[in-house]
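This is what each chain is made of:
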Amino acid sequence: MDIKIAITAGDGIGPEVVEEALKVLEAVNRRFGHKLTHSSWLIGGCSIDKFGSAIEPGTIEGCKKANAVLLGAVGGPKWDDPKAKVRPEDGLLHLRKALGLFSNLRPVKSHKALLSASTLKPEALNNVDMVVVRELTGGLYFGKPKKRWETSRGRKAVDTMAYSEQEVERIMRVGFELARGRRKKLTSVDKANVLKTSQLWREVANEVAKEYADVKMDSMLVDTCAMRLVTNPAYFDVIVTENTFGDILTDEAAVLAGSMGMLPSASLGGKELIAGKGRFKDRTFGLYEPIHGSAPDIAGQNKANPLATILSVAMMLRYSFGLHTEAELIERTVSSIIDDGYRTQDLMREGMRLMNTQEMGSLVASKVTA
Ligand code: IPM
Ligand code: MG
């Protein structure tokens, strides 16, 4: 199969982890006879430096010509001035919005061999296996008005949280379909005791739930959810929530997996996302990225954990190319490497084998070919 992708490696450790993920993809391709073709685009701070805007001109069109986008990370202290006109993050947000990628899937699993790597007690982490479905193109991130200004009494700023029933409905459907293919449990997370958008969210969630009688649905307030994630994370199967809540909760959930360096994500869109019966269409356009940031403190040092990006490639093969065997092979390989005690520095413990970024990528690549 022709694996046609656009690459936006970004800033900091982005290019380093993307390179390792491509190493693994090429290894998979060799084994299964697929062929990679790709275009590369600047996004984030590197694009600001070169073009003055957070995304290289032509990127959206370039991405649309591909079947999937692989992204590293954006941002860094160099571009962090809160008064700056453009920020690296603008590029990523524009990309998500312009490509209509409203559905962000963030699977969180605890791996037995990594239980002790979490700051939480190992016994709290047994059987953690959830997917957070984060709404990605609405809410506070994109609502208008969004601005800051000067008044006679000082500075003011506003962001707007807005949701339409269509936006809530389509993301709920993604969650329900996903739940059908899993343990059939869905938790819709909102702040319906305070926010209008959340009251609408809860109402629509209840309406959609009627069509999915086989899935057990509950609604939970986001503050309760934040607590439950660390007191009883095994409670959750599929969580569906709005953009900002999802951003915050998934960083928290990363603690369950031992390190941010382990968590992949897929951002999907399009009307024809859902094939029914708990499955997505086999070849849907998507953007794949680790949930971690650009980690400027370790950038360029060959220290970053590439596994989140490698696992993002697995999600890409599954959702955008329908290559389930290949996806599972990558996931199984990563698991076995963790079982065998190989660790990048973020997960390093006594008695484990320390790997740098490139060594970890090469190890996964060699094992998927074997
Ligand atoms: C994420 C990140 C982004 C977000 C930033 C980099 C804009 O935190 O993907 O979770 O807030 O969506
Ligand atoms: Mg985030």
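Described below are features of the structure shown in this document. Model, not experiment: these values are computed from the prediction. (Residues numbered from 1 in each chain as written. Chains lettered and ligands numbered in written order. Predicted model: local features only at pLDDT ≥ 70, side-chain atom pairs only at ≥ 80, totals over all residues. Heavy atoms only, no water.)

1. Quick notes on the side chain of Lys185
Phase 1: When you line up the elements, Lys185 lands in strand β8 (residues 185-190).
Phase 2: Lacking a salt bridge, the buried Lys185 has Asp218 as its closest oppositely charged neighbour, with an N-O distance of 5.9 Å.
Phase 3: When sequence neighbours within four positions are dropped, the list of residues in contact with Lys185 reads Ala179, Val215, Lys216, Tyr235, Asp237 and Val238. (Helix = DSSP H or I, 4+ residues; strand = E, 2+ residues; numbered from the N terminus. Buried < 20%, exposed > 50% of the residue type's maximum accessible area, 1.4 Å probe, protein only. Lys, Arg positive; Asp, Glu negative; His and termini not counted. Salt bridge = Lys/Arg side-chain N within 4 Å of Asp/Glu carboxyl O. Contact = heavy atoms within 4.5 Å.)

2. Some remarks on the pattern of salt bridges
Phase 1: On inspection of all chains with the given rule, the structure shows 17 salt bridges.
Phase 2: We note a salt bridge from Arg173 to Glu169, for which the minimum N-O separation is 2.9 Å. Of this pair, Arg173 and Glu169 both sit in helix α5 (residues 165-180), separated by four residues, roughly a single helical turn.
Phase 3: The salt bridge partner of Asp237 is Arg183, with a shortest N-O separation of 4.0 Å. With Asp237 in the loop between α7 (222-231) and β10 (238-241) and Arg183 in the loop between α5 and β8, this residue pair connects regions lying 54 residues apart in the sequence.
Phase 4: Judged by relative accessible area, which is 1%, Asp237 ranks as buried.
Phase 5: Under the relative-accessibility criterion, Arg183 is labelled partly exposed at 42%.
Phase 6: Bridged by salt links that share partners, the residues Asp129, Arg182, Arg183 and Asp237 form one connected network.

3. Here we look at the sheet that holds strand β11 (residues 266-268)
Phase 1: In space, the 10 strands of this open sheet follow the order β2-β1-β3-β14-β11-β4-β5-β10-β8-β9, with mixed pairing throughout. Each edge of the open sheet is held by one strand with a lone partner, namely β2 (35-40) and β9 (216-221). When the angles between neighbouring strand axes are averaged without regard to direction, this sheet yields 25°.
Phase 2: The pairing of β11 with strand β14 (residues 286-288) spans three bridges and is antiparallel. Bridging from a neighbouring strand, Ala266 pairs with Tyr288 of β14.
Phase 3: Where helix α4 (residues 88-98) meets the sheet, it contacts β1 (2-10), β3 (68-73), β4 (103-109), β5 (129-135) and β14, and its direction lies at approximately 160° from that of β3.
Phase 4: Contacts from helix α9 (residues 307-321) reach β1, β3, β4, β11 and β14 within the one sheet, and its direction differs from that of β1 by about 140°. (Pairing = 2+ DSSP bridges. Axes fitted to C-alpha atoms, helices over the stretch in contact; angles between N-to-C directions.)

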